[in-house]
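A closer look at the structure
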Amino acid sequence: MPIAELHERYAVAFGQDPAPGRRMIASLPFRDLTLDDGPCLRLERRYRHPVERLWRAITDEQDAWFPGDDEPLTVEQAEPPHLLVGTWYGDTLRFELTQESDGCRLVFTHAFADRDLAARTGAGWHRCFARVDALLAGHPMDTAASLDAWPDVHERYAEAWDIDPEIGRRAFAAHPAT
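As the structure is a computational prediction, the values presented were derived from the model and not from experiment.

Quick notes on the rules
- Throughout, residues of each chain are indexed from 1 in the direction in which the sequence is written.
- In keeping with the model being predicted, local features are shown solely for residues with a pLDDT of at least 70 and side-chain atom pairs are shown and tallied solely at 80 or more, while totals for entire chains, interfaces and linings include all residues.
- Computation of side-chain values: all heavy atoms of the structure, hydrogens and water removed.
- Salt-bridge detection follows one rule: a side-chain nitrogen of Lys or Arg within 4 Å of a carboxyl oxygen of Asp or Glu.
- Relative accessible area decides the class of each residue, using a 1.4 Å probe on protein chains only: under 20% of the type maximum gives buried, over 50% gives exposed, and in between gives partly exposed.
- Whether two strands pair depends on DSSP finding at least two bridges between them.
- Under the DSSP-based scheme used, a helix requires at least four consecutive residues in state H or I and a strand at least two consecutive residues in state E, with every element numbered from the N terminus.
- In this analysis, axes come from line fits to C-alpha atoms, helices being fitted only over the stretch in contact, and the angle between any two N-to-C directions falls in the range 0 to 180 degrees.
- Contacts are assigned to residue pairs with any non-hydrogen atoms lying within 4.5 Å of each other.

Before going further, it helps to examine the pattern of salt bridges. For the structure on display, the rule yields 11 salt bridges. A salt bridge links Arg94 to Glu96, with the shortest nitrogen-to-oxygen separation between them at 3.0 Å. Taking the relative accessible area as the measure of exposure, Glu96 reaches 31% and is therefore partly exposed. In this structure, the salt-bridge partner of Arg105 is Glu100, at a minimum N-O distance of 3.2 Å. Its relative accessible area of 21% is what places Arg105 among the partly exposed residues. Salt bridges sharing partners connect three or more residues here, namely Arg42, Glu44, Arg46, Glu100 and Arg105.

Here it is in structure tokens:
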């Protein structure tokens, strides 16, 4: 089970505030997205859920984690429960799910045009997938809670990818949930 989902389950089971652990988990670099040429963000994660459960979270339960309040995901291709390709703000998002013996694997990619936006966008997806982890644990995380670790994640990505952090800092300061 992914560390974040396990943490959420334990916090609920023991009546603890999950916020301190969420911040620590957000600091773990092995959970980070990668930035490929294109530019394209990539995330690969394993889940101890059947592929159908993760598919349902990604598609039917988007309100619990997807940042599409102003712009919904436009589905271009769907092959349930293994592939979802769509556009969002003109960018291409791809969710590939593969069943594995003890659960499933998700490979997510986001192709976009402006590399200068990579740290901002990467931090956003990092926190969206923290919300997916919480959803799968049965303890959905609201937008404000997910944004708690956003600044630290953003700064780490900006440094790692040699991107000016000011674009992301300004976007975060202007975000309605902050």
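Attention now goes to the sheet that holds strand β4 (residues 83-88). The antiparallel open sheet is built from 6 strands, whose spatial order is β1-β2-β6-β5-β4-β3. In this open sheet, the two edge strands, each paired with only one partner strand, are β1 (34-36) and β3 (74-79). Taken pair by pair, the neighbouring strands of this sheet meet at an average axis angle of 20°, ignoring direction. The sheet contact formed by strand β2 (residues 40-47) and strand β6 (residues 103-111) spans 8 bridges and is antiparallel. Its bridge partner being in β6, Arg45 is matched across the sheet by Leu106. Contacts from helix α3 (residues 51-59) reach β2, β3, β4, β5 (91-100) and β6 within the one sheet, and its direction differs from that of β5 by about 160°. Where helix α4 (residues 118-136) meets the sheet, its contacts fall on β1, β2, β4, β5 and β6, and the angle it forms with β2 comes to roughly 20°.

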